[in-house]
Amino acid sequence: MRGKRIRLQHAPSLLVPMLLALASYRLPMPVSELKVFPECMGRPAYYTCPRCGLTMEREFMNFCDRCGQRLGWRGYRHVKIVYPTKPYPFLFQK
């Protein structure tokens, strides 16, 4: 018995956005933010992923370990420094 052939009439309309989304992760996005945490001892600073916005565990990684976005480090010296807001202000009252 022969298998039936499936005709994909709407394949181009579904395939093109999916391929563009998959290809966008392979194009390097420049890292543009550095989050500084002044409340913590030593004032640690972490670069953030341009796609998901989460801090990275290590500097100068090729890909974000959470979303898989390829990272570009060309302009890392000219990043925007961000001081995140305190999530629970009542904990830090003096």
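Bear in mind the structure is a predicted one, so any value in this text is a computation, not a measurement.

1. Here's the deal with the sheet that holds strand 2 (residues 33–36)
Phase 1 of the analysis: Here we have 3 strands laid out as an open sheet, ordered 3-2-5, and mixed in their pairing. Of all the strands in the sheet, just strand 3 (45–47) and strand 5 (80–82) have a single pairing partner and so form its edges. Mean inter-strand twist for the sheet, computed between neighbouring axes without regard to direction, equals 25°.
Phase 2 of the analysis: Here strand 2 runs beside strand 5; their pairing, made up of 3 bridges, is parallel. The partner of Leu34 across the bridge, within strand 5, is Ile81.

2. Points about the packing of aromatic side chains
Phase 1 of the analysis: Throughout the structure, instances matching the rule amount to 5 aromatic pairs.
Phase 2 of the analysis: With 5.1 Å between their ring centres and 85° between their planes, Tyr47 and Trp73 make a pair best called edge-to-face. A residue pair is termed long-range when its members are at least 10 positions apart, and Tyr47 in strand 3 and Trp73 in the loop between strand 4 (71–72) and strand 5 qualify at 26 residues.
Phase 3 of the analysis: Look at Phe60 and Tyr76: their rings are 5.0 Å apart centre to centre, the planes differ by 85°, and that puts the pair in the edge-to-face class. Of this pair, Phe60 sits in the loop between strand 3 and strand 4 while Tyr76 sits in the loop between strand 4 and strand 5; the two residues are 16 residues apart in sequence, bridging distant segments of the chain.

3. Description of the confidence of the model for the chain
Phase 1 of the analysis: Here the chain averages 82 in pLDDT, and 78% of its residues register 70 or above.
Phase 2 of the analysis: Averaged over each element, pLDDT in the chain is lowest for helix 1 (residues 11–24) (75) and highest for strand 4 (94).

4. A look at the side chain of Thr48
Phase 1 of the analysis: The topology assignment puts Thr48 in the loop between strand 3 and strand 4.
Phase 2 of the analysis: Its relative accessible area of 2% is what places Thr48 among the buried residues.
Phase 3 of the analysis: Look past the residues within four positions of Thr48 in its chain and what remains in contact with it is Val31, Glu33, Lys35, Gly53, Leu54, Thr55 and Met56.

5. Thoughts on the pattern of salt bridges
Phase 1 of the analysis: What the rule picks out here adds up to 2 salt bridges.
Phase 2 of the analysis: Salt-bridge contacts for Arg66 lead to Glu57; the nearest nitrogen and oxygen are separated by 3.6 Å.
Phase 3 of the analysis: Of the residues examined, Arg66 reaches a relative accessible area of 42% and is grouped as partly exposed.
Phase 4 of the analysis: For Arg66, the salt bridge identified is with Asp65, shortest N-O distance 3.7 Å.
Phase 5 of the analysis: The class for Asp65 is partly exposed, based on a relative accessible area of 40%.
Phase 6 of the analysis: What you see here is one network of salt bridges that share partners, running through Glu57, Asp65 and Arg66.

Criteria and thresholds
Going along each chain's sequence as written, the residues are numbered from 1 onward. In view of the model being predicted, local features appear only for residues whose pLDDT reaches at least 70, and side-chain atom pairs are presented and counted only at 80 or more, with totals across whole chains, interfaces and linings using the full set of residues. Hydrogen atoms and water are omitted, and side-chain values are computed over all heavy atoms in the structure. Strand pairing is defined by DSSP finding a minimum of two bridges between the two strands. Only DSSP runs of H or I reaching four residues or more are called helices, and only runs of E reaching two or more are called strands; each is numbered from the N terminus. Axis geometry follows a simple rule: fit a line to the C-alpha atoms, using only the stretch in contact for helices, then measure angles between N-to-C directions, giving values from 0 to 180 degrees. In this analysis, rings of Phe, Tyr and Trp, with Trp reduced to its six-membered ring, are considered paired at centre separations within 6.5 Å, and the interplanar angle assigns stacked below 30 degrees, edge-to-face beyond 60, and tilted for intermediate values. Known as pLDDT, the predictor's per-residue confidence is scaled from 0 to 100. Categorising residues by exposure relies on relative accessible area from a 1.4 Å probe, with only protein chains included: less than 20% of the type maximum marks a residue as buried, more than 50% marks it as exposed, and the intermediate range marks it as partly exposed. In what follows, residue pairs with any heavy atoms lying within 4.5 Å of each other are defined as contacts. In the sections that follow, a salt bridge refers to a side-chain nitrogen of Lys or Arg positioned within 4 Å of a carboxyl oxygen of Asp or Glu.

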